[in-house]
Amino acid sequence: MSLQSKLESGQFAISCEFGPLKGTDTHEIKENIEVLKGKVDAANVTDQQSSVMRLSGLVTAALCVQGGLEPIFQVTCRDRNRIALQSDLLGAWVMGIKNVLALTGDLPALGDHPQAKGVFDLDSVTLLQAITSLNEGFDLSMNELKGKPDFFPGAVVKVESNTEASEELQIAKMRKKIAAGARFFQTQAVYDPVSFGKFMKRVEKFKTPVMVGIIPLKNAGFARFMNANVAGIRVPDDLIQQMAAAAKEDREKVGLQMAADLIKKMKPMCQGVHIMAIGWEKKVPEIMAMAGL
Amino acid sequence: MLYSEQKHFDEIIAYLEKDKNVFIMGCEGCAQSSGSGGPEQVAEMKQKLTEAGKNVTGTRNCDFLCSKALVKSELRGRVEQLKAADAVLVLTCGVGIQAVAASINKPVYPGCNTVNLGGSRGEWEGTERCFECGQCLLYHTGGICPLTACTKSLVSGACGGANKGKCEISKDRDCGWELIYNRLKERGLLSRLDDMMKPLDHKKIMPRPEMMSLARYGLENPGKVTDKPAPPPAPAPAATPKAGAAPAGAPKPAANPPKEVK
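Keep in mind that this is a model prediction, so the values were computed, not measured.

Criteria and cut-off values
Residues numbered from 1 in each chain as written. Chains lettered and ligands numbered in written order. Predicted model: local features only at pLDDT ≥ 70, side-chain atom pairs only at ≥ 80, totals over all residues. Heavy atoms only, no water. Salt bridge = Lys/Arg side-chain N within 4 Å of Asp/Glu carboxyl O. Helix = DSSP H or I, 4+ residues; strand = E, 2+ residues; numbered from the N terminus. Contact = heavy atoms within 4.5 Å. Buried area = accessible area lost by both parts, 1.4 Å probe. Nonpolar A, V, L, I, M, F, W, Y, C, P; charged D, E, K, R; others polar. Buried < 20%, exposed > 50% of the residue type's maximum accessible area, 1.4 Å probe, protein only. Arc of directions from axis to C-beta. Pairing = 2+ DSSP bridges. Axes fitted to C-alpha atoms, helices over the stretch in contact; angles between N-to-C directions. Phe/Tyr/Trp six-rings, centres within 6.5 Å; stacked < 30°, edge-to-face > 60°. Lys NZ or Arg CZ within 6 Å of the ring centre and 35° of its normal.

Looking at this structure, I do not really get the pattern of salt bridges. What am I missing?
Where charged atoms from two side chains of opposite charge approach closely, those side chains can pair. Throughout the structure, instances matching the rule amount to 23 salt bridges over all chains. Notably, a salt bridge pairs Glu168(B) with Lys152(B), separated by 3.3 Å at the nearest N-O pair. Pair noted here: Glu168(B) is in the loop between helix H7 (146–149) and helix H8 (176–186) and Lys152(B) is in the loop between H7 and H8, with a separation of 16 residues, a long-range link. Note that Asp174(B) is salt-bridged to Lys166(B), the shortest N-O span being 2.6 Å. Beyond isolated ion pairs, a larger network of salt bridges with shared partners links Glu28(A), Glu31(A) and Lys282(A).

Whenever I open this one, the interface of chain B and chain A confuses me. Can you help?
How big an interface is tends to be expressed through the accessible area that disappears when the partners come together. With 31 residues of chain B at the contact, the number on the chain A side is 32 residues. Roughly 2,600 Å² of surface becomes buried between chain B and chain A when both sides are summed, with 55% attributable to carbon and sulfur atoms. The interface formed by chain B and chain A contains two salt bridges. Here Glu164(A) makes a salt bridge to Lys185(B), at a shortest N to O gap of 3.0 Å. Residues that form the side of chain B that touches chain A fall into these classes: 14 nonpolar, nine polar and eight charged.

I tried to follow helix H2 (residues 27–36) of chain A on my own but got confused; where do I start?
An α-helix turns once per 3.6 residues; consequently, residues spaced three or four apart project the same way. Residue and element names in this part refer to chain A. Among all positions of H2, only Ile-29, Asn-32, Ile-33 and Leu-36 are buried. Angular distribution of buried residues about the axis of H2 spans 100 degrees; they occupy a single face of the element. With its phi angle positive at about 80 degrees, Gly-38 sits one or two positions after the end of H2.

Looking at this structure, how should I read the sheet that holds strand E1 (residues 13–18) of chain A?
Adjacent strands of a sheet form backbone hydrogen bonds with each other and so pair up, either parallel or antiparallel. Residue and element names in this part refer to chain A. Here we have eight strands rolled up into a closed barrel, ordered E1-E2-E3-E4-E5-E6-E7-E8, and parallel in their pairing. Averaged over neighbouring strand pairs, the angle between their axes works out to 25 degrees when direction is ignored. Across three bridges, the pairing between strand E2 (residues 42–45) and strand E3 (residues 71–76) is parallel. Directly across from Ala-43, in E3, lies its bridge partner Pro-71. Where helix H5 (residues 124–135) meets the sheet, it contacts E3, strand E4 (99–103) and strand E5 (152–157), and its direction lies at approximately 150 degrees from that of E4.

So what exactly am I meant to see when it comes to the packing of aromatic side chains here?
For any pair of aromatic rings, the description consists of the separation of the ring centres together with the inter-plane angle of the planes. In total, this model carries four aromatic pairs over all chains according to the counting rule given. When the centroid spacing of 6.4 Å and the interplanar angle of 25 degrees are considered together, the rings of Phe196(A) and Phe199(A) count as stacked. Here Phe196(A) and its partner Phe199(A) are both found in helix H7 (residues 193–203), three residues apart, which amounts to about one turn of the helix. Both residues of the pair, Phe196(A) and Phe199(A), belong to the buried class. Here Tyr15(B) and Tyr109(B) contribute two aromatic rings whose centre-to-centre distance is 6.0 Å and whose plane-to-plane angle is 45 degrees, an arrangement assigned as tilted. Remark: Tyr109(B) occurs in strand E5 (residues 108–110) and Tyr15(B) occurs in helix H1 (residues 9–15); sequence separation between them is 94 residues. With a relative accessible area of 17%, Tyr109(B) lands in the buried category. Directly above the ring of Tyr139(B) sits Arg192(B), whose terminal nitrogen or CZ lies 3.9 Å from the centroid.

Dropping the structure here:
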């Protein structure tokens, strides 16, 4: 069953993600596809994540289609103007890619080509407008298409905000994204079911499926690093202490178990889970089994 | 005003590697206010270049180097000094440097980098910046420009990168959209956050022909303006019996349409 059918029929959906590598060696991608297909409903293919140059996400998503794993093609506004974005989207549809996740994208200054020009011709909302327009058979300039796609567009939202302005801006933008055509959301990683519950209370009126983001912790340092450097991630102290207290050989198990417990707690509050394993892609089926999915 | 900063002297001296004789121009408009090209900086530059072994054939400060007509009239008494120069170094904004380069048949080098449109009081006092986008969005954003306040120039709202109110690019830089939110809230305008924006129009905005003064155009383009009356504009509403039917506010044909402005 496709991701779209699952979410639209109210079933709990599971996605994960992996990033293409830097270079032309596709072994890792093919291994991930083999491990994940038939297990998750769909896999996000990141788009030059963290502004680090890698193999094209479009090509990687097409490899997923060929390998039998439904991709969610992540598209950022950082590297392409509206001409290239629409062109790649049409190409994606031709390659059998159905799900698209519209993102703004990180600043190039944060990546491995910090001198690069950030494009941001469109932003996540206007990109969703473009996807909606393509679905209707027209490009952004209202030229008619010969053959049109039927994408299932999604977007992202940040659950943890540390200022009132940030929280309100996230909600306002979520509303705009829905108005522009977003039909599902994936969140930044969440570690606090209580604050996730509060967030879901605020957005349930939007009646748009939300897939909660999960990043399994690898060790305490990893958690502290994310708290200090990654916007929208807040790992509570008790989880960091649990990781710190675990013996080195047990850390992986503790981290995976913690992720599974978070999924169990938050499953009743939302419509799906999005597991970002960051190097542990092959352990996603294990996390799912531990979470009873 | 245009805020400019003088380039590093090493860069300037590298431009002049093959040129011995230099004429220096400064501007007593924005560049003087910026402290990058007023009489004081021109005098300093003359001294530095002389110390570096160059022969400064002359210097000239003008009021507005951005006006080609003024550039030419101000240089009238300096023709010999200019002729003696291998190159002209210009200490002002990018507009002024281009105006000088268009006016003098010599290699013209920039002595300054134009950083931004600054405040309006003759020096860079404020933090407000204009993107010159030609489609002002300030109504929607509480008077804070999202194109300059947000490092990604996002028109639809904040990205997810802000942390404690600061932009992901630097802990010293405020998230532009949080500034906008706080301003809208303060003014009771939060509903503007829901305004849907169209993708920005990035066509380069050209000044409209009627914005260019015919008198100045004639001064800057001698020989291109003749005494012949301007040809009547092609089917203009004023020339037809239905002239009175033109809706109020419809653009009127310019009284003196500038010639040869593309």
